[in-house]
Every structure is written in C-alpha cells, then in structure tokens.
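Commentary on secondary and tertiary structure
What follows is the residue order along each chain.
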Amino acid sequence: MSSNSGIQIPSRLPLLCTHDGVLLPGSTMRISVDTARNMQLVKSRLLKGTSLKSTIIGVIPNTRDPEHDSDELPSLHSIGTAGLAVQVVGSNWPKPHYTLLITGLCRFRVTQLLRERPFPVAEVEQLDKLEQYTEGDQADGELGELSLRFHQAALQLVGMLDMSVPVVAKLRRLLDSLPRETLPDVLASMIRTSNKEKLQVLDAVDLEERFKKALPLLTRQIEGLKLLQKTRKRRPDDDKRVLAIRKGGVFPGRQFSLDEEAEDEDGDDTAMLEKKVKAAAMPEAALRVCLKELKRLKKMPQSMPEYALTRNYLEMMVELPWSKSTTDCLDIPAARVLLDNDHYAMEKLKRRVLEYLAVRQLKSTLKGPILCFVGPPGVGKTSVGRSIARTLGREFHRIALGGVCDQSDIRGHRRTYVGSMPGRIINGLKTAGVNNPVFLLDEVDKLGKSLQGDPAAALLEVLDPEQNHSFTDHYLNVPFDLSQVLFIATANTTATIPPALLDRMEVLQVPGYTQEEKVEIAHRHLIPHQLEQHGLTPQQLQIPQDTIKDIISKYTREAGVRSLERKIGAICRAVAVKVAEGHKVSRAESPTEQHAGKTGTSSSHTSLLFTAGITPAPPVSERLTLPGVAIGLAWTPMGGEIMFVEASRMEGEGQLTLTGQLGDVMKESAHLAISWLRSNAKTYLLTTGSADPLEGTDIHLHFPAGAVTKDGPSAGVTIVTCLASLLSGRLVRSDVAMTGEITLRGLVLPVGGIKDKVLAAHRANLKRVIVPKRNEKDLEEIPAHVRADLDFVFASTLDEVLKAAFDGGFPTAVSHPQVLNSKH
Ligand code: ADP
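Residues numbered from 1 in each chain as written. Predicted model: local features only at pLDDT ≥ 70, side-chain atom pairs only at ≥ 80, totals over all residues. Heavy atoms only, no water.

As recorded in an unreviewed UniProt entry, the chain goes by Lon protease homolog 2, peroxisomal and comes from Sinocyclocheilus grahami. Quoted straight from UniProt, the Function (unreviewed entry) entry for the chain says "ATP-dependent serine protease that mediates the selective degradation of misfolded and unassembled polypeptides in the peroxisomal matrix. Necessary for type 2 peroxisome targeting signal (PTS2)-containing protein processing and facilitates peroxisome matrix protein import." Under Subcellular location (unreviewed entry), UniProt gives the following word-for-word description of the chain: "Peroxisome matrix". (UniProt positions renumbered as here; feature names shortened; annotations may be inferred.)

Following this line, the structure appears as structure tokens:
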C-alpha cells in the first residue's frame, strides 16, 4: 500500500450502495449493478468520466443493522470504502446491468449527503491515514504485538495450503511484502467470513481494534482447516471399515458386487475399469487384449464415439465369468428322486439322463455327447433340461434358436459395426454368471439360413468338444473356454436338423403321452402347479378324474400336455372369479362347492368346463356319415394326428382334383391309389356299366385341416379306402384308422412314426388300427394298456386293408384278386 501513500481521495464522492458483499481496502471485488441509482452512477460517472479521479467512487455496504441506521445518514451505512473501478462490463441479458471490478483503497466516513438523485453524492472524510502504514512496522506496544501475532497466524494459514498451487505461493510472497497494518483488511476479505463480520472489520476504524476483530476470524479459519485435514486423512480407513461391516455382516456371499458398488462411487472411470480387469482373473490372452484396450481408452477423449465402444467392450470382458464356476453336487440316488418327482412317465429318457449323469460323476472331464431331446411340443423336454441343471446344482440358461438365421446371432458381430454385440452363447454366459452352466439350445430344428451365413455352422463349433475349448466370438475376438458348459438341445423333429449338427448329438426320442399318463401328469404336476399359480387351494378346487379324462379326450388332442395345462389354467381362472365373488356374497354357500365337481357327474364338470370357456372338439364319428370319408394317421412334428380324407365325385372327364396343402409325395400316392382301383375295379365290383369306374366322372380328394402341409407316403391306404367307399357307396367303419404306403401292385409297405400314430388313434377313441404288417414290431414301444384297447390289423395287401375297413368286409367278384398271388 505504500504505493498508495500519495493518493488522496476526492472529498466529494458518488456513492454506490451494495446489497451483497463488503468491499474492504486492499481487496478487489466484482459488484453487479442493476438498481436505477447505481446504473445512473455507472453511466454518467464511470463511462463518461475521463480523469483518474472520476473512476474513484465510494462503496457503501447497504446494511440493515439498526444501530448504524440511527446515524446522521439513516438509510446509508456511515462508513464505506473508496474504490477504484478497474473494469466496467455491460450486458443486456437477462436484463440490462453492469458488472464492476472494484479495488478498495481506503475507508471513509460520510459527513454530509449532498444530493440523492440521480445518484447519491456525499461529502466524505478519509479515515485511513495512508502515511500511517509506512510507519506501521515500527509500531510497538500492544499494537506491535497484535500485528506480530496476526502476521504469524497468517503465515500459519498459508503454510497449511498446498504450496504447489501457484496462487498460494504468490500469497506467501504477498504476506512478506505487505505492510502488517493492511493485513486485517486483506485477510478478512480472503478467508471465509460472513458479511456481518466483514462489516465489523470495516467499522473498526482504529487499527488496534481492527486487529482484534480480525484475529479470531483468522484463527477460526485455521482451526477449520486443521479439522478438515484430519478427517481427510482418516477417510480411507473409515471406508474400509464400513465396507468390512457390509461385507461380513450383511451379505456374506455376495462380496464381489459390493466391491463393484464401492468402486462405482469412485470417480475415476478408467482406473475403476483397470481394477476390474485385473480382478476378473481372465486368461493371459484376454488380459493382454484388455490392457491394450485400456491403454487406448485412456488416450481417447470421452466425446469420441469409439470411447463408448471400447468401454462397452471392456465392461463386457470384465463381466464374463472367466474363472467363476459352480461346483457340481451330483448324487445319483438324489438325482433319480428329483427326476422322478419332477416328471411322471418318460422312463426311457430318465434312464438315459441318469446314465449320462452317472458317467459324468465318474469322469468329470467327460467330453460327452450332447443330448438332444426330440419330441412333440409340451412333452417336457425343456423341463427335463431344467431338472438336469438342478440335479447338478448348476445354473440353467435357455437359448431359443427358433428362427435364428444369422451366424452373428451365435458368434456375435465384429466390433467394427455400430451397435455390435456378442452372440447368444457369450451373452448367455454373462447372464448365467458362471462358466459351467447348463445351456438348453431350444428348437435346434428351427434354425434358419440366410445370406448372413449359416448359424448351424457356428453352432458346430460350439458343440464340438474338440473345438469348443477355444470358442472365439467375433465381438470378443479372444477365445473363451466352453468346454465346461453342459449343452442340451431340444427339437420337434430330426428331419430339419442339419446333418452335421445332428451328427454331434445323441438323439433321445420323447414320445407323446397316453391318456392315462396324461391323467397322472395332470394330477401330480399340472393341477397343483396351476392352483398355486392362481392362488387357489386344493380345498377350493378339486377336479375329478373323469373331468380330466374328458378334457384330454374331448377337449384337447395333442401329444404333450401343454394345452391340457392351459385348459386347467382356464378352469382355475373361472373358479378364481367365483371364489372372489363368493367371499363378497356369502361364505356359507361357496360357489366352489358347486363347481368343485365333487360329485364327478358329467353334468357338473361339463358346466365347469363351460364356465371356463372350453368347448369340445367334434367327435370323430360325426364326420363319417357319408361314403367317401376315411381316417388316416399322420405323423407331424407335433406328434401323431388323425387325418380325414374326403372324396367326392361329379360328372366330368375323369380328372382328379386334390386340395388341402399337399406335398408331391401325397399327390403321387393319390394317383397310385386311383390307378390301383381302376385296374382292380372289376374285382371289387366298382364298375357301373362300363369297365372304368371313373369314366365320365371327376374325382375330388380333400385332406382337411388345410393350413398344415401334408406330405409323406403313409396316406396311400387311406386314399384307397376312401375312394373304394366313394365308388362303392359303402360307409367306412367309423372307428377305424389306418396308415401305410401302397405300391401299384397293391402291396402295403411299412411307414414310420407308428407309436405316435397309434397314440393319436387312441386319443381319438378309435377302436381299430390298420398298420402295415412289417410295422408289427414297432408296436412293442406302445404301452400295454393302449395296445389292449385297440384292435390291430396287420395288412400286407390292400385287399386286407379293405376287408378290415368296412363292416362285414369288402365284397369281391373273384375270391382271390390277382395281387394276392404276388409275393413280396
Ligand atoms: P417342451 O419343451 O417339450 O415343449 P415343456 O418342457 O415346456 O415342453 O413342458 C410343458 C409343461 O408340461 C411344463 O409345465 C412341464 O412341467 C409339463 N410336463 C411335461 N411333461 C411332464 C411330465 N412327464 N411330468 C410332469 N410335468 C410335465
């Protein structure tokens, strides 16, 4: 301040009244100006003035302190600081205002207010004797001691700050060069003080008093700083302690996720990632790639799109279970109990699964076959897979492959694409969280193929035990060991599974259930499960055996139990409404009593089914009231089905029309059948006048349930029977179903899917089944009680078929038609 010693402030000063902040001599402050008087002052004084004098203004802190209000100038604080306006910045936004940068020079007292408008101007008296400062160093007595203490405290404060910060170093130099008398003002404006405290320092005109007022503020600041530093040092330990409590006490098993949480709070992104990368226990190759990517990430600005890509990649890498696995807890007797408890029937499948598990127990590094369950929907393939995972104590993850037609679905996209991601295998591992889960590859028979490559080929690598220890996903671009994963596949048919894939799997057929098995499954599993799902108790709803049987035979026609389960669900819903209403109406007469069907009479359960909105399929016999209809048996991926073949004739030129979504083989069968009938028309008395029964006649053959494409030769015998019925005008027995391929010479050849077909006939309540003679051996697979219910006719010629299909046989002209003589 010694440089200021020559400056005398003008005796008349324009006054700037501030609302916030107190300007002290020796400090610089930014003041926002927006009131009318202050704006006027800036405009007409600061902006128009040209001399140095015109830039000096009086800054009066606008205080509401009542004891100062009573002074000669009641509305204004009597003491202010004369300041030098160093900078004026104007702005029109959000409203017109100026921002002033003002450096405080010295105190003044307002002696007389000269005018108030447009801005106040006052006669002032300069209070700080600037010359006094130069002699300050020699001050002694109480003042000298005070100033010494103050200086030391100031040095201590600065010493506590970080000297590497440039402004702190500058401050230290300033402390040494400034006269001590200016220190109270300078430091009071620098340290954390309230406006009131600053005002007290401003009002302390006496130097000794000023030191006394400022010293406690300074010591308070020092103490505060000390406390802050102490707590900062302690904090890491505290964190650890808190974490330890959380880890050990609350969630003992889930330590790693807590660590992650703690790290999330950590601001530094890449450092956190690095920590995670190191903790992920990944193999050498993967670690090297990760560290390289980390290095790149550190150099990238966050705004770069690639930053997010790389980050996502690294996050994926650290989340993969490189070395996390569950330990198998395999106990064969327990596994047997569990499988039996979860699933009724399917003995063959359960036996094979147990064998498989037993071998695994004996040889844990088994590069075993991949089991593939093949069967109609709803026979429990998926749920057996789930049970296997449970018996092994492994995580279970299902990968639906139906409709997947892109290689990258399995193997991932290369990281060059925007939005690229890993394939389903790697994603599945991430979800499972361990590297040895049970993966159920659902619907492998429905894999598609497209321009984007063949997903089946990618699956080959996944499933091949020789290759899958280093499965390389395109996204990860580093090998991942899949050899610990247990793969199980499911399919409805093996026909559409690519041969190479099929070759790697062991196919286990899961056939459909018989009616009795379904009843048992319903009682043991489906009903309890549905009751639980709908919040009902067994007391509220009891479905009698007869009702279940009726639902199975009349209301569902399927190989599995899925639609049976749905129907039971529908009943549960209907009853749930009744129960809910019943609670409101009366408790005594619970509607469930009526609907529980405890009597088991057909009227009660029919009404129950009616309430549930379940309607029966029309009975089979109703459709066989006219000549020209026969029932065939077909095999579809959904299991066996009965299939009606209808024929009609009309005047025409001997043309054959076929409808009902037929494949080529089916069409050929139809032509074969017609040719055989024509050539044997005489034998079977089918001629009406002329030798050719089809002369002047068109034939239309229809295979209803048209949306499903039907192919396969096994409808040959049915077509012959149907046409024979049409041409002879005789009705086919309504309880007969048949299957078999025919030859031109009238032989019946064996066909596949006998078990499913027979079960379908049994489901449809048919009594007689005509099967090719050479399929006789296949009947062994069929449960004995089903066999007992049905009357099997084994036919090797069409003659035998016709005889069995019509009541009282089929009349012939000659006792032995020519085909019977031929041997096959
Ligand atoms: P899929 O995978 O063969 O299409 P799901 O495994 O999804 O069939 O089975 C459908 C439902 O039928 C499941 O609720 C399952 O529990 C039940 N289920 C099927 N077969 C049985 C069985 N043998 N014992 C008990 N429940 C069964």
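For the chain, the helix and strand inventory stands at 30 helices and 22 strands. Put simply, the chain has 824 residues, and 47% of those count as buried. Once local pairs closer than 6 in sequence are excluded, the contacts in the chain between residues at least 24 apart make up 73%. Roughly 40700 Å² of accessible area belongs to the chain as shown, and the carbon and sulfur atoms make up 52% of that amount. (Helix = DSSP H or I, 4+ residues; strand = E, 2+ residues; numbered from the N terminus. Buried < 20%, exposed > 50% of the residue type's maximum accessible area, 1.4 Å probe, protein only. Contact = heavy atoms within 4.5 Å. Areas by Shrake-Rupley, 256 points an atom, 1.4 Å probe, with all protein chains shown as cover.)

Under the criterion given, the structure shown has 35 salt bridges. In this structure, E223 and K226 form a salt bridge, with 3.7 Å as the shortest nitrogen-oxygen distance. Of the two residues, E223 and K226 are both situated in helix α8 (residues 207-250); the distance of 3 residues between them amounts to about one turn of the helix. Overall, the relative accessible area of 47% leaves E223 in the partly exposed class. Among the residues examined, K226 registers a relative accessible area of 37% and is labelled partly exposed. Salt-bridge contacts for D328 lead to R394; the nearest nitrogen and oxygen are separated by 2.9 Å. Pair noted here: D328 is in the loop between α12 (305-319) and α13 (332-342) and R394 is in the loop between α15 (381-392) and β8 (396-400), with a separation of 66 residues, a long-range link. Three or more residues are tied together by salt bridges with common partners; here these are R107, D128, D185 and R210. (Salt bridge = Lys/Arg side-chain N within 4 Å of Asp/Glu carboxyl O.)

In the neighbourhood of the ligand, 18 residues make up the surrounding shell, with Y344, G378, K381, T382 and R562 lying closest. Separating an oxygen atom of the ligand from a backbone N or O atom of V379 is a distance of 3.3 Å. Contact between the ligand and R562: an oxygen atom at 2.6 Å from a side-chain N or O atom of the residue. Calculation on the ligand without its partners gives an accessible area of 560 Å², and the protein chains cover 86% of this total. Contributions of two or more residues to the shell around the ligand are made by α15, α20 (515-533) and α22 (562-585). Per-element accounting of the shell around the ligand gives the leading share, 3 residues, to α15. Here the shell around the ligand is built from residues that sort into 8 nonpolar, 6 polar and 4 charged. Two domains share the shell around the ligand, each providing at least three of its residues, namely domain 4 (332-509) and domain 5 (515-612). (Near = heavy atom within 4 Å. Polar contact = N/O pair within 3.5 Å; in protein donor to acceptor, adjacent residues only side chain to side chain. Nonpolar A, V, L, I, M, F, W, Y, C, P; charged D, E, K, R; others polar. Domains from an automatic or database assignment.)

Per-residue confidence for the chain averages 81 on the pLDDT scale, and 84% of its residues sit at or above 70. Below pLDDT 50 for its whole length, residues 237-267 participates in 19 contacts with residues either more than four positions away or in separate chains. Low pLDDT, under 50, characterises residues 817-824; the predicted model gives this stretch 15 contacts beyond four residues in sequence or across chains. (pLDDT = per-residue confidence, 0-100.)

In this model, E443 sits at a positive phi of 60 degrees, which is unusual for a non-glycine residue. Relative to the elements of secondary structure, E443 occurs in the loop between β9 (438-442) and α18 (455-463). Phi angles above zero are rare outside glycine, and N765 is one such case at about 65 degrees. N765 gets classed as partly exposed once you look at its relative accessible area, which sits at 48%.

With numbering aligned to this structure, UniProt lists the feature "binding site: ATP" (unreviewed entry) at G375, P376, P377, G378, V379, G380, K381 and T382. Assignment of secondary structure puts P377 in the loop between β7 (370-374) and α15. Checked against the element boundaries, G380 lands in the loop between β7 and α15. Beyond its immediate chain neighbours, meaning those up to four positions away, G380 contacts H343 and M346.

For R768, the position within the fold is in strand β21 (residues 768-772). What makes R768 buried here is its relative accessible area of 16%. C-alpha of R768 to C-alpha of V736: the two residues are 32 residues apart in sequence and 4.7 Å apart in space. At 2.9 Å, the side chain of R768 forms a polar contact with the side chain of D791.

Right, let's talk about the sheet that holds β21 for a bit. The 7 strands lie next to each other as β16-β17-β15-β14-β18-β21-β22, forming an open sheet whose pairing is mixed. The open sheet terminates on both sides in strands that have one partner only, identified here as β16 (656-659) and β22 (791-795). Averaged over all neighbouring strand pairs, the angle between strand axes comes to 25 degrees, with direction disregarded. Of the pairings in the sheet, the one linking strand β14 (residues 629-636) to strand β15 (residues 639-651) comprises 8 bridges and is antiparallel in character. Bridging across to β15, A634 finds its partner in E641. (Pairing = 2+ DSSP bridges. Axes fitted to C-alpha atoms, helices over the stretch in contact; angles between N-to-C directions.)

Here we take up the side chain of H77. Here H77 shows up in the loop between α2 (66-69) and β4 (79-91). Residue classification places H77 among the buried residues on the basis of a relative accessible area of 1%. Polar side-chain contacts of H77 include one of 2.8 Å to the side chain of D203.

Glancing now at helix α4 (residues 141-160). Here α4 is 20 residues long and its end C-alpha atoms lie 29 Å apart, about the 28 Å a rise of 1.5 Å per residue gives. Within α4, burial applies to L143, G144, L146, S147, F150, H151, A153, A154, L157, V158 and M160. (Expected span 1.5 Å × (residues − 1).)

This brings us to the pairing of β22. Both β21 and β22 contribute to a ladder of 5 bridges, which runs parallel. In the strand pairing of β22, I770 is matched with V793. Each parallel crossover has a hand, and for β21 linked through helix α28 (residues 784-789) to β22 it is right-handed. (Right-handed = clockwise from strand over helix to strand, strands pointing away.)

Turning to the sheet that holds β8, a few remarks are in order. The strand order across the open sheet formed by 5 strands is β8-β9-β12-β7-β13, and the pairing between neighbours is parallel. At either end of the open sheet lies a strand with only one pairing partner, and these are β8 and β13 (505-509). Pairs of neighbouring strands in the sheet enclose a mean axial angle of 25 degrees, with direction left out of account. Sheet analysis places β7 next to β13, joined by 5 bridges and oriented parallel. Looking at β13, one finds that L371 is bridged to E506.

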